[in-house]
Amino acid sequence: MTTAFQIIVSGILLGLIYTLIGAGLAIVLGVLRIVNLAQGILIMISSFLAWDLLVHWGIDPILSVLIIIPIFFVAASAGEVVMLRAPARESPDRAMLLLFGVLMAAEALASIGWTTDTRSIDVGYAYTSFKVGGAVIPEDYLVMAAVAVVLLGLTELLLYRTLLGKAMRAVGQSRQSAEILGINSAWVATAVFGLGVALAGAAGAALGVLFPFNIELQSQWLAYSFIVVLIGGLGGLRGSLVGGLALGLGQELFSQFLSLGVASVVLYGILAVALMVRGGGLGAAKVRRI
Amino acid sequence: MRKLLRGRNLRGVASLIGAAAMVGAMSGGLSGASTRAMASERFHGPPITIAGTLGLTGAFSVPSADYKLVDEAWVNTVNAHGGLLGRKVELTILNDNSTPTTASTDYQKFISEKVNFILAPYTTYVGGPQVPVVRAAGKLFYNGGFVGLQYFEQDKGWMVGSYTYQDTTYSHGAFTVMKSLPPSKRPKKIAILYAANPFTVAANKGYNGTGGALTFAKRDGMKVVMDEQYPTGTTDFTSTIEKAQAAGAQALIVLGLPTTSDLIAKTVKTIGWKPEVECMCGSQVTTLDNWYTLGAATNGVIGTDVAWESENYPGMKQVEALARKKHEKVVPSYSWAGWAILQMIQQGVDGTHSTTTTKIRKWLLTHVVSTAVGKFKLLGNGSPPNREVVVQTVNGVQRTVWPPKIATAKIVTPLP
């Protein structure tokens, strides 16, 4: 009973953070039809920034999230205007290729700037836990899951309770129709890309607290983003939540009853099965747009 | 006691300067870059050439940068004292981009250019594939870069090394320490977690029935309640650590690479488990800078190293000075090993008054060498005899707990 409760608690807390990883990818893919292959490296860069902010300025990662989100939003919006807009107009695949180039360049630059060393973020709540009903609840999981809930909630409000959110969803449904209705789809696309990357930035700061990290971990986070999107589809943040929770709970469940090696195989097996079931891969997930 | 190097707050500035320097180097053509050592003016005869590759970019760029620093400092020191046999020493380090295939091309180049001494690159992943390449050319491979008992065994003394323990004996020190504990504190049940990596698999299972944590546990009458391999990308160990605790493990032996080892240490601390002994027994994790950023998670954890400053072996002061210059908190194991292998070249040349491979090989396999990692005679397979130092981190300070002659403190058990 305790074991089951432990799996549920840890799985949900991790799942909420994984939702944050996938949400950015889902929003960009859902509205712009672009697979942001740079998602993983952006998450890593955010972890490094959170580390820098803590080590050099003593800023707690929770506050770092508030600093990183606008920085990532502005940088990504500028990047969208300067680099991504033209290829995205031609085809989403060209934009994806460009983002692959961004991934490679960012990885190389990050290796130079931050080196390939492992880093960890040492904050007071990183090494403490408490028990509820026999289940151990790591405080850092709890804190960062709470941060994820707040950010996901705000994103949900933005998407469903604001004009900008409506415009984003309209562009996601039909760019041409949105333009006929007077929506400046180019600027909406810029905002969508900025929002997606900002969420990746928030996820990076949260993950940096939970797990020691180095540049190589970016492929892991990219894979997790894909799993979240493939399981949850592009049905808005609620879909990402389903994907994230499924990933977190699955990871905890498999780790409990299988060896770590097998658990990992099962986890990536889910990715492979989801790709097969969806046929067209991530592209097929577009059927359920935001 | 090892002094902690200070200047943590300068790391950010230093890394920026380092990054700028690397960009400058890259713009000058890093792939073909070579490092020419400063030479004094009075040398006789053609230069003595030493060459090797390092992953100056890519996954192993951090340790590789340390190796390069050590190599260059050694060459500068030797040349400042008249070189070897009165000849200038020239060092060439090529960037293998942390990949074995690039390294293989470079080693073929060294062989065709008839380089006098060939240095191994960092890590088994890059260095292992170069062993047959160098052997086929009839050259001696000077290995201060990686471990691997199988490579020494297969190369039959054509590779000489300076790492004083191989993959199969990475946990040997920890088991020796556990055996030395009073019976009431001696762990009877242990949990082993090891990364899915050839090096850590050998550290757990041994090679040809020799060594490995499982063998040591059996030898010492310990019951292994968990023996679990994990993928190197594992991101959550909570369930696994709880299972180890629930199984009654009194000691946790982790044979992993830095990132996951750090995560496991963090998880043990987070869930509040206090085993009698917790060893991060892979990759000399506790000598790396990041270890200290784990804060409370490091408290009581033991690790191993090839040598300790208080042993005052020749060359240690120079290596320590280099680490200080880089604001490293402790001297990484690879810096000791990197300096030691160059000392072995020097002693081989001085001992034979020659640069002939066969003569030096014979000399090195039959004489005692005095290096930064100790004074020893190589085994027949070219590796040094087993020797390691066990350290324990207590309140952010590393203390030696074994061997007794250099121990600065008694081991603290269970974890504080």
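Sequence order as written defines residue numbering, which begins from 1 separately in each chain. Just so you know, chain letters begin at A and ligand numbers begin at 1, following the order they were written in. Reporting in this predicted model follows two pLDDT cut-offs: at least 70 for local features of residues, and 80 or more for side-chain atom pairs to be given and counted; totals over whole chains, interfaces and linings ignore these cut-offs and use all residues. Working from all heavy atoms in the structure, the side-chain values ignore hydrogens and water.

Chemist: Help me understand the overall build of chain B, please; the structure alone is not making it clear to me.
Modeler: Every helix listed is a DSSP run of H or I at least four residues long, and every strand listed is a run of E at least two residues long, numbered separately from the N terminus. Tallying secondary structure elements over chain B gives 15 helices and 14 strands in all. Taking 416 residues into account, the globule formula puts the C-alpha radius of gyration at 22 Å, and chain B, at 21 Å, falls close to it. Principal-axis analysis of the C-alpha atoms gives chain B an extent of 65 × 45 × 40 Å. Long-range pairs, those at least 24 residues apart, make up 70% of the contacts in chain B between residues at least 6 apart in sequence. Throughout, the Shrake-Rupley method with a 1.4 Å probe supplies accessible areas, and for residues the shown protein chains are the sole cover considered. Counting every atom, chain B has about 15300 Å² of accessible surface; 56% of that belongs to carbon and sulfur. Positive charges are assigned to Lys and Arg, negative charges to Asp and Glu, while His and the chain termini are left out of the count. For charged residues, the charge sits on one atom: NZ in Lys, CZ in Arg, CG in Asp, CD in Glu. Measuring between centres, the 42 positive side-chain charges of chain B sit 6 Å from its 27 negative side-chain charges. Just to be clear, the radius of gyration here is over C-alpha atoms, and the globule rule we use is 2.2 Å times residues to the power 0.38. The contact rule is simple, with two residues in contact once any of their heavy atoms fall within 4.5 Å.

Chemist: Just to check I follow, could you spell out the domain arrangement of chain B for this structure?
Modeler: Size of an interface, as often reported, equals the accessible area lost when the parts are brought together. Residue and element names in this part refer to chain B. Throughout, the edges of the domains are those of an automatic or database domain assignment. If you check the domain split of chain B, you get domain 1 (15-167 + 311-377) and domain 2 (169-306 + 389-406). With centres defined by C-alpha atoms, the gap from domain 1 to domain 2 works out at 30 Å. Contact residues are listed per partner, giving 21 residues for domain 1 and 18 residues for domain 2. As used here, buried area is the combined drop in accessible area, with a 1.4 Å probe, of two parts when they are placed together. Around 1700 Å² of area is buried between domain 1 and domain 2 when both sides are counted, 60% of it from carbon and sulfur atoms. Salt bridge, as used here, is a side-chain nitrogen of Lys or Arg placed within 4 Å of a carboxyl oxygen of Asp or Glu. At the junction of domain 1 with domain 2, the criterion picks out zero salt bridges. Counting only elements with at least two residues in the side of domain 1 that touches domain 2, the list comes to α6 (149-155) and α14 (333-352). The element that contributes the greatest number of residues to the side of domain 1 that touches domain 2 is α6, accounting for four residues. Only Asp, Glu, Lys and Arg are considered charged in this grouping, and only Ala, Val, Leu, Ile, Met, Phe, Trp, Tyr, Cys and Pro are considered nonpolar; every other residue, Gly among them, is considered polar. Partitioning the side of domain 1 that touches domain 2 into residue classes produces 10 nonpolar, six polar and five charged.

Chemist: Looking at this structure, I do not really get the interface of chain A and chain B. What am I missing?
Modeler: Taken together, the contacts link 41 residues of chain A with 42 residues of chain B. The three residues of chain A that bury the most area against chain B are I112(A), Y127(A) and L260(A), which together make up 24% of that side's buried surface. Taken together, chain A and chain B are joined by one salt bridge. In this structure, the salt-bridge partner of K266(B) is D140(A), at a minimum N-O distance of 2.4 Å. What qualifies as a polar contact is a pair of N or O atoms within 3.5 Å, subject to a donor-acceptor requirement within protein and to the restriction that residues adjacent in sequence count only when both atoms come from side chains. Here chain A is connected to chain B by 21 residue pairs in polar contact (both at pLDDT 80 or more). It is helix α10 (residues 236-257) of chain A that provides the largest number of residues to the side of chain A that touches chain B, a total of four residues. Considering only residue class, the side of chain A that touches chain B consists of 18 nonpolar, 17 polar and six charged.

Chemist: Just checking my understanding: could you explain the state of the cysteines for this structure?
Modeler: Here a disulfide denotes one covalent bond, and it connects the sulfur atoms of two cysteines. All names here are of chain B. Any two cysteine sulfur atoms within 2.5 Å of one another count as a disulfide. Scanning all chains against the criterion turns up one disulfide over all chains. What pairs with C279 in a disulfide is C281, and their sulfur atoms sit 1.9 Å apart. Its S-S torsion of about 110° marks the bond between C279 and C281 as right-handed, since a negative value means left-handed. Considered together, C279 and C281 belong to a single accessibility category, that of buried residues. Using a 1.4 Å probe on the protein chains alone, a residue whose accessible area is under 20% of its type maximum counts as buried, one over 50% counts as exposed, and one in between counts as partly exposed.

Chemist: Hey, could you run me through the pairing of strand β8 (residues 251-255) of chain B in this one?
Modeler: Across a regular strand the side chains alternate sides, sitting on one face of the sheet and then on the other. Residue and element names in this part refer to chain B. Across the five residues that make up β8, a large majority, five, are buried. Here β8 shows two buried faces, one formed by A251, I253 and L255 and the other by L252 and V254. The rule for pairing is simple: two strands pair if DSSP sees at least two bridges between them. When strand β6 (residues 189-195) meets β8, the two strands line up parallel, connected through five bridges. In the strand pairing of β8, I190 is matched with A251. For β8 and strand β9 (residues 277-280), the ladder comprises four bridges, and the chain directions are parallel. Looking at the pairing, A251 lines up with V277 of β9. Regarding the hand of the β-α-β motif, the stretch spanning β8, helix α11 (residues 258-271) and β9 is right-handed. If the strands point away from the viewer and the path from the first strand over the helix to the second runs clockwise, then the crossover is right-handed.

Chemist: Help me understand the nonpolar core, please; the structure alone is not making it clear to me.
Modeler: In a soluble, globular protein the nonpolar side chains are often hidden away together inside. Residues grouped as a nonpolar core are buried Ala, Val, Leu, Ile, Met, Phe, Trp, Tyr and Cys residues, joined through side-chain atoms within 4.5 Å. In this structure, Y18(A), F211(A), W221(A), I241(B), L252(B) and I264(B) are the most contacted members of the largest nonpolar core, which totals 124 residues. When sequence neighbours within four positions are dropped, the list of residues in contact with Y18(A) reads F211(A), W221(A), Y224(A), V228(A), G244(A), L247(A), G248(A), Q251(A) and T235(B). By size, the runner-up hydrophobic cluster in this structure holds 77 residues, among which are V70(B), Y163(B), I360(B) and L364(B).

Chemist: Can you walk me through helix α4 (residues 92-114) of chain A in this structure?
Modeler: Residues separated by three or four positions in an α-helix point in the same direction, a consequence of the helix having 3.6 residues per turn. Residues and elements named next belong to chain A. Here α4 contains 23 residues, and its C-alpha end-to-end distance of 31 Å stays within 8% of the 33 Å for a straight helix at 1.5 Å per residue. Those residues of α4 that fall on the buried side of the exposure criterion are A95, L99, L103, A106, A110, S111, I112 and W114. Taken from the residues just after α4, T115 is the one with a positive phi, measuring 65°. By this rule the span expected of a helix is its residue count minus one, scaled by 1.5 Å.

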